[in-house]
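Secondary and tertiary structure notes
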Amino acid sequence: MRIPLIAGNWKMYKTPSEAVVLAEEVVKELANPDGIDVVICPPFTALAAVAQVLWGSRIGLGAQDLHWAKEGPYTGEVSAEMLRDLGCRYVIVGHSERRQYFGETDENVNKKSLAALGSGLTPIICVGETLSERETGRAYHVVEAQVKGALSGLAPGQVRALTLAYEPVWAIGTGRTATPEQAEEMHAHVRKTIAGLFGADVARGVRILYGGSVKPENAGELLQRSEIDGALVGGASLQADSFALIVKAAMS
Ligand code: 13P
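Below, the structure is looked at part by part. (Residues numbered from 1 in each chain as written. Predicted model: local features only at pLDDT ≥ 70, side-chain atom pairs only at ≥ 80, totals over all residues. Heavy atoms only, no water.)

**What about the environment of Leu5?**
Tracing the backbone through its elements, the reader meets Leu5 in strand E1 (residues 5–9). In this structure, the C-alpha to C-alpha distance between Leu5 and Met251, residues 246 residues apart in sequence, is 10.0 Å. Leave out the neighbours within four places in its chain, and Leu5 touches Asp37, Val38, Val39, Tyr90, Ile124, Thr163, Arg207, Leu209, Asp229, Gly230 and Ala231. (Helix = DSSP H or I, 4+ residues; strand = E, 2+ residues; numbered from the N terminus. Contact = heavy atoms within 4.5 Å.)

Rendered as structure tokens:
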């Protein structure tokens, strides 16, 4: 009952003209993704150009961050309404790179998620522990606290509408993937946390993606797990063929 979602996070790669080329290749490779949602998230500067390419296709557009205010004197920031007006339907919130390098807090993630939902965008809220947190046995506690922080004060209907992504920091860009068992156990823990806060019915409907070195070679074994509802793909989303293979692994 949860439709799988494969999202490509292009991070700070691709100029607008490069992004158009890649988006065109993705559309060509994935003319008609069936029974699955596919989203690409280029940098802000490429969103308008990529929106044109995706127009009329079944591939959705997402941004990588947003500010929580509707508008205001916040130099350099971008609001949910601005993204929505460009044609975005999704927005990544609380990526570990933003938490690590740009001081993103659970409180900000909460405000950004509320702003996204308020504008009709689907937030893809990222959570995940660092290597030292896993090695010292704190992974479950850390991820649970991030989930609780992100979802604080949300209504059950809002929680139903969002997507979570479990991205262990030690697996991002390292080539070291969580095992399907590790990912599934954490996803189950996240779902249990949501059930405790909003009820089992809401928790059953929430999509939880896995992210961290997802490649065509490991996508199949991760995505066949019942608790893993899709993937948030970094490096492998920068090539249309490998991204398409991951999407196809989710469809089979
Ligand atoms: P990689 O797939 O490059 O490890 O990146 C994962 C990620 O951070 C997606 O948001």
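The discussion continues.
**Here's the deal with the packing of aromatic side chains**
Under the definition given, this model contains two aromatic pairs. Centre to centre, the rings of Tyr101 and Phe102 are 6.4 Å apart; their planes meet at 80°, and the pair counts as edge-to-face. Here Lys111 stacks its cationic end above the ring of Trp68, 4.2 Å away from the centre of that ring. (Phe/Tyr/Trp six-rings, centres within 6.5 Å; stacked < 30°, edge-to-face > 60°. Lys NZ or Arg CZ within 6 Å of the ring centre and 35° of its normal.)

**Things to note about the packing of helix H1 (residues 16–29) against helix H12 (residues 240–251)**
Packed helices, taken two at a time, are described by the angle their axes make and the gap between the axes. Running from N to C, H1 and H12 cross one another at 35°; their axes reach a closest spacing of 9 Å. Handedness of the crossing formed by H1 with H12: right-handed. Contacts between H1 and H12 involve Leu22, Glu25, Val26 and Glu29 from the former and Ala240, Asp241, Phe243, Ala244 and Lys248 from the latter. The class makeup of the residues in the contact of H1 with H12 is five nonpolar, no polar and four charged. (Axes fitted to C-alpha atoms, helices over the stretch in contact; angles between N-to-C directions. Left-handed = near helix turned anticlockwise from the far one by under 90°. Nonpolar A, V, L, I, M, F, W, Y, C, P; charged D, E, K, R; others polar.)

**Digging into the sheet that holds strand E4 (residues 90–93)**
Spatially, the eight strands close up into a barrel ordered E1-E2-E3-E4-E5-E6-E7-E8, and their pairing is parallel. Put simply, the sheet's adjacent strands are angled 25° from each other on average, direction ignored. Across four bridges, E1 lies against strand E8 (residues 230–233) in parallel orientation. Its bridge partner being in E8, Ile6 is matched across the sheet by Ala231. The strands that helix H9 (residues 180–198) touches are strand E6 (163–166) and strand E7 (207–211); relative to E7, the one it contacts most, it runs at about 145°. (Pairing = 2+ DSSP bridges.)

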